[in-house]
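Chains, contacts and geometry: an overview
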Amino acid sequence: MANHNFSIEFFPPKTAEGAEKLRATRARLSELHPKYFSVTFGAGGSTQQGTLDTVLEIMAAGEDAAPHLSCVGGSRESIRAVLEKYKSHGIKRLVALRGDLPSGYGGMGEFRYANELVEFVRAETGDWFHIEVAAYPEVHPQARSPQDDLQAFVRKVKAGANAAITQYFYNADSYFYFVEQAQKAGVDVPIVPGIMPITNYTQLMRFSDMCGAEIPRWVRLKLASFGDDSASIKAFGQEVVTELCHRLLKGGAPGLHFYSMNQAAATTAIWNQLV
């Protein structure tokens, strides 16, 4: 399945050992020929150098890479400097996000919303970057209402985004409904579903509580019933997520964006069942 919008996300490793592991992971995932790899960016730029280093290493290996750019804590000057640096290295893709405020973090910086960041990137760099933004089929946890959230998404796209990647979800209907609503509101860019493989029950529960992704009751109960049996959790998780991917692609999703958590096995296993 040579899908033009198939991509994989990494986070920048914090240790030399983590960097070694990521190299091995990337080598394995490169065999799937994704369109690009994206690399996350810590709040307030805490992983800024790590993000750039990881992106440059991916590009040096002949792959396309997209750094995440968050406006939390960023000033116009600091974001301008980052954009210049990215351009000078020939980076052509960006994932532009508002980002989450870390606890105890003071102000938002000069950009309050991702649409302001997208506008700024376009004003500064024209069409240099292919910009992806985030979408929330199950509504952003801080949104006042689903309508508000949809409008925020529309503003980001109108500000100049080329495509969107969704927060992960396990309910395909929420994605199809969101896409339909976005199209009615005039959005015509590809909205790529974000896919989170299930490999660890407690970690998944923690993430999902934080980001507002719903784990369907039947999936939650089944995962909980396996206790510490990680082989069963992984096998069931793979079955559920592969089925979800099949439904999404069959229903017209323009591709898939895998949250790899810097691991190769789960993404590879799902991908191989889709080919």
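These figures come from a predicted structure and were not determined experimentally. (Residues numbered from 1 in each chain as written. Predicted model: local features only at pLDDT ≥ 70, side-chain atom pairs only at ≥ 80, totals over all residues. Heavy atoms only, no water.)

Between the first and last C-alpha of helix 5 (residues 146-158) there are 18 Å, a value that for 13 residues agrees with the 18 Å anticipated at 1.5 Å per step. Summarising the contacts, the buried residues of helix 5 are in contact with helix 4 (114-125), strand 5 (130-135), strand 6 (163-168), helix 6 (172-184) and strand 7 (191-195). At the exit of helix 5 stands Gly-160, carrying a positive phi of roughly 130°. (Helix = DSSP H or I, 4+ residues; strand = E, 2+ residues; numbered from the N terminus. Expected span 1.5 Å × (residues − 1). Contact = heavy atoms within 4.5 Å.)

A few words now on the pattern of salt bridges. Overall, the coordinates contain ten salt bridges when judged by the stated rule. Measuring nitrogen to oxygen at the nearest pair gives 3.1 Å for the salt bridge that ties Asp-64 to Arg-93. Of the two residues, Asp-64 is situated in the loop between helix 2 (48-60) and strand 3 (65-70) and Arg-93 in strand 4 (residues 93-97); the sequence distance between them amounts to 29 residues. Asp-64 gets classed as partly exposed once you look at its relative accessible area, which sits at 32%. For Arg-93, a relative accessible area of 9% translates into the label buried. Across the pair Lys-184 and Glu-180 runs a salt bridge whose closest N-O atoms are separated by 3.7 Å. Placement of the pair is Lys-184 and Glu-180 together in helix 6, with a separation of four residues, close to one helical turn. One salt-bridge network, held together by shared partners, links Glu-20, Arg-23, Arg-26 and Glu-57. (Salt bridge = Lys/Arg side-chain N within 4 Å of Asp/Glu carboxyl O. Buried < 20%, exposed > 50% of the residue type's maximum accessible area, 1.4 Å probe, protein only.)

Taken together, the eight strands give a closed barrel; going around it, the order is 1-2-3-4-5-6-7-8, and neighbouring strands pair in parallel fashion. The average angle at which neighbouring strand axes cross in this sheet is 30°, direction not considered. Note that strand 4 and strand 5 share four bridges and pair parallel. The residue bridging Val-95 from the neighbouring strand is Glu-132, located in strand 5. Across the sheet, helix 9 (residues 230-250) touches strand 7 and strand 8 (257-259), and the angle it forms with strand 7 is around 175°. (Pairing = 2+ DSSP bridges. Axes fitted to C-alpha atoms, helices over the stretch in contact; angles between N-to-C directions.)

The full count for this structure, using the stated rule, is one cavity of 30 Å³ or more. Taken as a whole, the largest cavity holds about 30 Å³ of empty space. Taken together, Gln-48, Gln-49, Leu-52, Val-82, Lys-85 and Tyr-86 make up the lining of the largest cavity. Of all the secondary-structure elements, those providing two or more residues to the lining of the largest cavity are helix 2 and helix 3 (76-88). Of the residues contributing to the lining of the largest cavity, the split by class is three nonpolar, two polar and one charged. (1 Å grid on protein atoms, 1.4 Å probe; cavity = no way out; pocket = protein on both sides within 12 Å on 5 of 7 lines; lining within 4 Å. Points joined across faces, edges and corners; volume = space filled by probe spheres on them. Nonpolar A, V, L, I, M, F, W, Y, C, P; charged D, E, K, R; others polar.)

Counting 78 residues, the largest nonpolar core has Phe-153, Tyr-168, Tyr-170, Ile-191, Leu-248 and Phe-258 as its most contacted members. If you tally residues by element for this core, the top one is helix 9, at seven residues. Beyond its immediate stretch of four places on either side in the chain, Tyr-168 contacts Glu-138, Gly-194, Ile-195, Met-196, Leu-204, Phe-207, Ser-208, Cys-211, Ala-213 and Tyr-259. (Core = buried A, V, L, I, M, F, W, Y, C linked by side-chain atoms within 4.5 Å.)

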